[in-house]
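The primary structure of each chain is shown beneath.
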Amino acid sequence: MSEILKIDGISVSYGNIRALSDVSMSVNEGDIVSLIGANGAGKSTLLKAIVGLEPLKEGSIAFAGETICKAKHHGGLTTDLIARRGIALVPEGRRVFADMTVEENLDMGAFMVSDQALIAKRKNDMFELFPILGKRKKQKTRSLSGGEQQMMAIARALMSGPRLLLLDEPGLGLAPLVVQNIFSTIKLINEENKVTVFLVEQNARLALKSSSFGYVLENGRIVLQDKGEALLQNERVQKAYLGA
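Residues numbered from 1 in each chain as written. Predicted model: local features only at pLDDT ≥ 70, side-chain atom pairs only at ≥ 80, totals over all residues. Heavy atoms only, no water.

Things to note about the packing of helix α3 (residues 102–109) against helix α6 (residues 146–158)
And step 1. Where α3 meets α6, the axes come as close as 7 Å, and the angle between the chain directions of the two elements is 35 degrees. Handedness of the α3/α6 crossing: right-handed. The segment α3 lies against α6, with Val 102, Asn 105, Leu 106 and Gly 109 engaging Met 152, Ala 155 and Arg 156.
And step 2. Split by residue class, the contact of α3 with α6 holds four nonpolar, two polar and one charged. (Axes fitted to C-alpha atoms, helices over the stretch in contact; angles between N-to-C directions. Helix = DSSP H or I, 4+ residues; strand = E, 2+ residues; numbered from the N terminus. Left-handed = near helix turned anticlockwise from the far one by under 90°. Contact = heavy atoms within 4.5 Å. Nonpolar A, V, L, I, M, F, W, Y, C, P; charged D, E, K, R; others polar.)

Written as structure tokens, this is what we have:
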């Protein structure tokens, strides 16, 4: 299986505070890979670094064999160029355009796509994937529930046709049943749309159950890595993240 994302020894700092230290990891194409860790461990910082929103102090990030981010003094691609390579980020908190309709939000997700027929097809695909969005496509996004807004954020990201989907806390603040539905859809996106998924999630049990491989980030460093099912059985993970 080919490696689609390779993170090699990256470090990120906010002033004198080191948020990430010598982080190395990889994601194989076609997989769902999860990153778990406590609040403040650096998980969101890592996702932002992948799309060029946080400069690297050290190390590099490669996507599909091409280096897209390098340590600050060496530069790298801008965020828009990284997106054009085929990476889409659904940020923590969803960040939808609240005063736009569902359909207008989807159009914003397709801003890099010039083929109107392709945009229309992808919209229809999203309405099939998330039927509630199709029913509410003319509604302002602010009128949607939290779960519907999360679906909206994922659909908007998929409108660009990414090869790699980055999800930052897709279950944050949602009812357990809604979270289960979101994760079922994530698996569907992975299996049927052939989109590789790298996700950060506080619900460690659900994240690892859904993933072929997982990483544990503590204080900006990777401390464990293994198959998702193996991490579920790991005593350290069980005590720290699974309430065992």
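Moving on from the model shown.
Details of the pairing of strand β1 (residues 3–14)
The two faces of the sheet receive side chains in turn, since in a regular strand these alternate between them.
And step 1. As judged from the eight bridges shared by β1 and strand β2 (residues 17–28), these two strands associate in the antiparallel manner. Paired with Lys 6 across the two strands is Ser 26, which belongs to β2.
And step 2. With antiparallel pairing between neighbouring strands as the criterion, β1 and β2 make up a hairpin whose turn holds two residues, including Gly 15 at a positive phi of roughly 65 degrees.
And step 3. Of the pairings in the sheet, the one linking β1 to strand β4 (residues 58–63) comprises five bridges and is antiparallel in character. Across the sheet, the residue bridging to Asp 8 is Ser 60, located in β4. (Pairing = 2+ DSSP bridges.)

Comments concerning the packing of α6 against helix α7 (residues 176–192)
And step 1. Viewed as axis vectors pointing N to C, α6 and α7 meet at an angle of 15 degrees, and their least axial separation amounts to 10 Å. Taken together, the axes of α6 and α7 lie roughly parallel to each other. Judged by the sense of rotation from one axis to the other, the crossing of α6 with α7 is right-handed. Contacts between α6 and α7 involve Gly 147, Gln 150, Met 151, Ile 154 and Leu 158 from the former and Val 178, Ile 182 and Ile 189 from the latter. (Parallel < 35°, antiparallel > 145°, perpendicular 65-115°, else oblique.)

Focus on helix α4 (residues 116–129)
Note: α-helices contain 3.6 residues per turn, so residues at a spacing of three or four share the same orientation.
And step 1. The end-to-end C-alpha separation of α4 is 20 Å, in line with the 20 Å expected for 14 residues at 1.5 Å each.
And step 2. Every buried residue of α4 is listed here: Ile 119, Arg 122, Lys 123, Met 126, Phe 127 and Leu 129. Looking straight down α4, one finds that the buried residues subtend no more than 160 degrees of arc, so they occupy a single side. Looking at α4, the residues exposed on the side facing more than 90 degrees away from the buried face are Ala 117 and Glu 128.
And step 3. Next to the buried residues of α4 lie α3, α5 (131–135), α6 and α7.
And step 4. The residue sitting at the N-terminus of α4 and contributing the capping side-chain oxygen is Asp 115; that oxygen lies 3.0 Å from the backbone nitrogen of Ala 117. (Expected span 1.5 Å × (residues − 1). Buried < 20%, exposed > 50% of the residue type's maximum accessible area, 1.4 Å probe, protein only. Arc of directions from axis to C-beta. Polar contact = N/O pair within 3.5 Å; in protein donor to acceptor, adjacent residues only side chain to side chain.)

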